[in-house]
There are 2 protein chains.
Amino acid sequence: MKIILIGAGNLATRLGIALKGAGEEVMQVYSRTEESASRLGHLLGVPWTISLEQLYDGADLYIASVKDAALPHLIPQIVRKREEALFVHTAGSLPLSVWAGSATRYGVLYPMQTFSKEREVDFSSIPIFLEASSTKDLNLLHSLADKLSRSVYEANSSQRQALHLAAVFACNFTNYMYTVSEQLLTEAGLPFEVMLPLIDETAAKVHILKPEKAQTGPAMRYDENVIGKHLTALATHPAWQQLYEQISKNIHHDQLRLKEDKGNSL
Amino acid sequence: MKIILIGAGNLATRLGIALKGAGEEVMQVYSRTEESASRLGHLLGVPWTISLEQLYDGADLYIASVKDAALPHLIPQIVRKREEALFVHTAGSLPLSVWAGSATRYGVLYPMQTFSKEREVDFSSIPIFLEASSTKDLNLLHSLADKLSRSVYEANSSQRQALHLAAVFACNFTNYMYTVSEQLLTEAGLPFEVMLPLIDETAAKVHILKPEKAQTGPAMRYDENVIGKHLTALATHPAWQQLYEQISKNIHHDQLRLKEDKGNSL
């Protein structure tokens, strides 16, 4: 398949490497800035451009990985007169319909993962969620995605938005909990490394237990003694104190509900 | 070493199994309820009691793993006239000094992990934090802990409280983020399994990057477009909506600070 990548951020970079590794032909990359366009162009060994005017015709697939807010403005320039090609974006929170009216063949290829420049990821373990304007193109995307990942699913636009939102909690907000943890340890003169076994076990546990069932800690037991001490210890970090209080309340309410559910099922 | 376990919860159970596996002699277990006392007694093949009056004399070490609020009331009955023995508790948030005035030899052995009945843990990977009233007893606890775990540290009471608080964020609150994620997926008709690769990668990333550097997502980019959509999607869950808003603000502020720090270091 002849493919053009529009965007050269973390996702476009990882995707480009994975596509090349799968034997696909990346024809060209576009990015708004010369720095990132040339970086990805060199990395993949393909021509690059910073002008959508100079985007090649003749690709089978145009993959747009740009900021959500930017894409709608770029679509007319990307699609232009290339009505025979297939156009996809890679965003969790943009609907399929963003292409409607401009393109005739379009879809979404959403790899759900956290990409940082500093870390390689094994693309084959990343779930990819697909949607397309026709069954034929859905099948086409499926056969491409199957070369990239072991976990390929179909998801409509509203499911994909739920996935993205759920991923914000499970990944971005989880990482923020790690950040607070790391800063508290630093203040106490302790290395973050001591927390890694617990972080790993917390992630491993939800492979075999539902998160609600895996919950432990003072909030679950509603141990007001410990909660009170922790809130006092957080006095110099009002934002974290507020967060502690709020999450603890939520955990406690959820666990009460869980007990009630159990009671009702007897 | 002759050891008596006071408490039969998740931590006491895992610790008892690990102590037995390390060749230590568990003499007796105590729990407030017959159900849990007999369960752990049978599991370890040792006598059990529900009365502190019937606690054996002659152990080298008494390990108390009970609720933080309960321990201070139990201490006089645990220590009684056993002045030659060593007494430790296993709590993150209780100071060493909780024993002072009652015992003459005392300490803390705090294994930092999340224990659930439904899941076995490899005790050897769990960090254990030690504190004791004398160097001699600290060394004694160190040699015992070294048999149980590869990661044994010393930590004073204020460091241990910071560890416990940091663990609440990295484990308990992280697990709550998983819970919200799971419930959002369920509402969209999607299985939680699709989130596991992202959860694993999020945990794996902070082994090589500081959490602040590993941060990704709409809050970090301050993508108001996506944040707005997510807040709308959470309208039926006001508690989660409030949490989303608050954590996103914190992430954004932290990232701004990070950029400023970088700027200042030029």
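Throughout what follows, the structure given in this document is the object of discussion. Please read all numbers here as calculations on a predicted model, not as lab measurements. (Residues numbered from 1 in each chain as written. Chains lettered and ligands numbered in written order. Predicted model: local features only at pLDDT ≥ 70, side-chain atom pairs only at ≥ 80, totals over all residues. Heavy atoms only, no water.)

Considerations on the overall build of chain A
From N to C terminus, chain A includes ten helices and eight strands. Dimensions of chain A, computed from C-alpha atoms along their principal axes, come out at roughly 70 × 50 × 30 Å. In chain A, buried positions account for 59% of the 266 residues. Within chain A, counting contacts between residues at least 6 apart in sequence, those at least 24 apart form 54% of the total. With the model as given, the accessible surface of chain A reaches about 11,000 Å², and the carbon-plus-sulfur share is 51%. Of the charged side chains in chain A, 25 are positive and 29 negative, and the gap between their average positions amounts to 2 Å. (Helix = DSSP H or I, 4+ residues; strand = E, 2+ residues; numbered from the N terminus. Buried < 20%, exposed > 50% of the residue type's maximum accessible area, 1.4 Å probe, protein only. Contact = heavy atoms within 4.5 Å. Areas by Shrake-Rupley, 256 points an atom, 1.4 Å probe, with all protein chains shown as cover. Lys, Arg positive; Asp, Glu negative; His and termini not counted. Charge placed at Lys NZ, Arg CZ, Asp CG, Glu CD.)

Considering the relation of the copies chain B and chain A
Once chain B has been moved 0.0 Å along the axis and rotated by 180 degrees, it coincides with chain A to within an RMSD of 0.0 Å. One copy is carried onto the other by what is essentially a two-fold rotation axis. Distance from the rotation axis, computed per C-alpha, reaches its smallest value in chain B at B:Thr174: 2.5 Å. Looking at the interface residues of chain B, 100% of them are also at the interface in chain A, so both copies use one shared face. (Least-squares fit on C-alpha atoms with pLDDT ≥ 70 in both.)

Here's the deal with the pairing of strand β6 (residues 106-111) of chain B
All names here are of chain B. Where burial is concerned, most of β6 is hidden: six out of the six residues are buried. Here β6 shows no split at all, with Tyr106, Val108 and Tyr110 on one side and Gly107, Leu109 and Pro111 on the other all buried. In this structure, strand β5 (residues 86-89) lies alongside β6, joined through three bridges in parallel fashion. The residue bridging phenylalanine 87 from the neighbouring strand is tyrosine 106, located in β6. Where β6 lies against strand β7 (residues 128-132), five bridges are found, and the strand directions are antiparallel. In the sheet register, tyrosine 110 faces β7, and the bridge partner there is phenylalanine 129. (Pairing = 2+ DSSP bridges.)

Quick notes on the packing of aromatic side chains
Counting across every chain of the model gives 16 aromatic pairs over all chains. Ring plane angle 75 degrees and centroid distance 5.0 Å describe the contact between A:Phe169 and A:Phe173, whose orientation is recorded as edge-to-face. Of this pair, A:Phe169 and A:Phe173 both sit in helix α5 (residues 157-187), four residues apart, which is roughly one turn of that helix. The interplanar angle of 15 degrees and the centroid separation of 5.2 Å between the aromatic rings of B:Phe129 and B:Tyr153 together place this pair among those described as stacked. Of this pair, B:Phe129 sits in strand β7 while B:Tyr153 sits in strand β8 (residues 152-154), placing them 24 residues apart in sequence. An aromatic cluster is built from A:Tyr62, A:Phe87 and A:Trp99, whose rings are joined through pairwise contacts. (Phe/Tyr/Trp six-rings, centres within 6.5 Å; stacked < 30°, edge-to-face > 60°.)

Considering the sheet that holds β8(B)
All names here are of chain B. If you walk across this open sheet you meet the eight strands as β3-β2-β1-β4-β5-β6-β7-β8, and the pairing is mixed. Edge positions in the sheet fall to β3 (48-49) and β8, since each has one partner strand and no second. Examined bridge by bridge, strand β1 (residues 2-6) and strand β2 (residues 25-30) share five bridges and lie parallel to one another. Each residue of the ladder has a partner; that of isoleucine 3, found in β2, is valine 26. Packing against the sheet, helix α5 (residues 157-187) makes contact with β5, β6, β7 and β8, and its axis sits at approximately 20 degrees to β6. (Axes fitted to C-alpha atoms, helices over the stretch in contact; angles between N-to-C directions.)

Here we look at the interface of chain B and chain A
Between chain B and chain A, the residue contacts involve 93 residues of the former and 93 residues of the latter. Regarding the contact of chain B and chain A, the summed buried area is about 8,700 Å², with carbon and sulfur atoms giving 65% of it. For B:Lys210, the salt bridge is made with A:Glu182, and the minimal N-O distance between the two is 3.4 Å. The interface formed by chain B and chain A holds 35 residue pairs in polar contact (both at pLDDT 80 or more) in total. Sorting the residues of the side of chain B that touches chain A by element identifies α5, α6 (196-205), α7 (211-214), α8 (218-221), α9 (224-233) and α10 (238-264) of chain B as the ones contributing at least two each. Tallying contributions element by element places α5(B) first for the side of chain B that touches chain A, with 26 residues. (Buried area = accessible area lost by both parts, 1.4 Å probe. Salt bridge = Lys/Arg side-chain N within 4 Å of Asp/Glu carboxyl O. Polar contact = N/O pair within 3.5 Å; in protein donor to acceptor, adjacent residues only side chain to side chain.)

Regarding the nonpolar core
A:Ile78, A:Phe169, A:Met195, B:Ile78, B:Phe169 and B:Met195 are the most contacted members of the largest nonpolar core, which totals 129 residues. Those residues in contact with A:Phe169, other than ones at most four positions away along the chain, are A:Thr174, B:Met177, B:Val180, B:Ser181, B:Leu184, B:Leu234, B:Trp240 and B:Tyr244. (Core = buried A, V, L, I, M, F, W, Y, C linked by side-chain atoms within 4.5 Å.)

What to know about the packing of helix α1 (residues 10-21) of chain A against helix α2 (residues 34-44) of chain A
All names here are of chain A. Closest axis-to-axis distance for the α1/α2 pair is 10 Å, and the angle between their directions is 20 degrees. When the axis of α1 is compared with that of α2, the two are roughly parallel. Read as a crossing pair, α1 and α2 show a hand that is right-handed. Where α1 approaches α2, its residues Ala12, Thr13, Gly16, Ile17 and Lys20 are matched on the opposing element by Arg39, Leu40, Leu43 and Leu44. Class assignment for the residues of the contact of α1 with α2 results in five nonpolar, two polar and two charged. (Parallel < 35°, antiparallel > 145°, perpendicular 65-115°, else oblique. Left-handed = near helix turned anticlockwise from the far one by under 90°. Nonpolar A, V, L, I, M, F, W, Y, C, P; charged D, E, K, R; others polar.)

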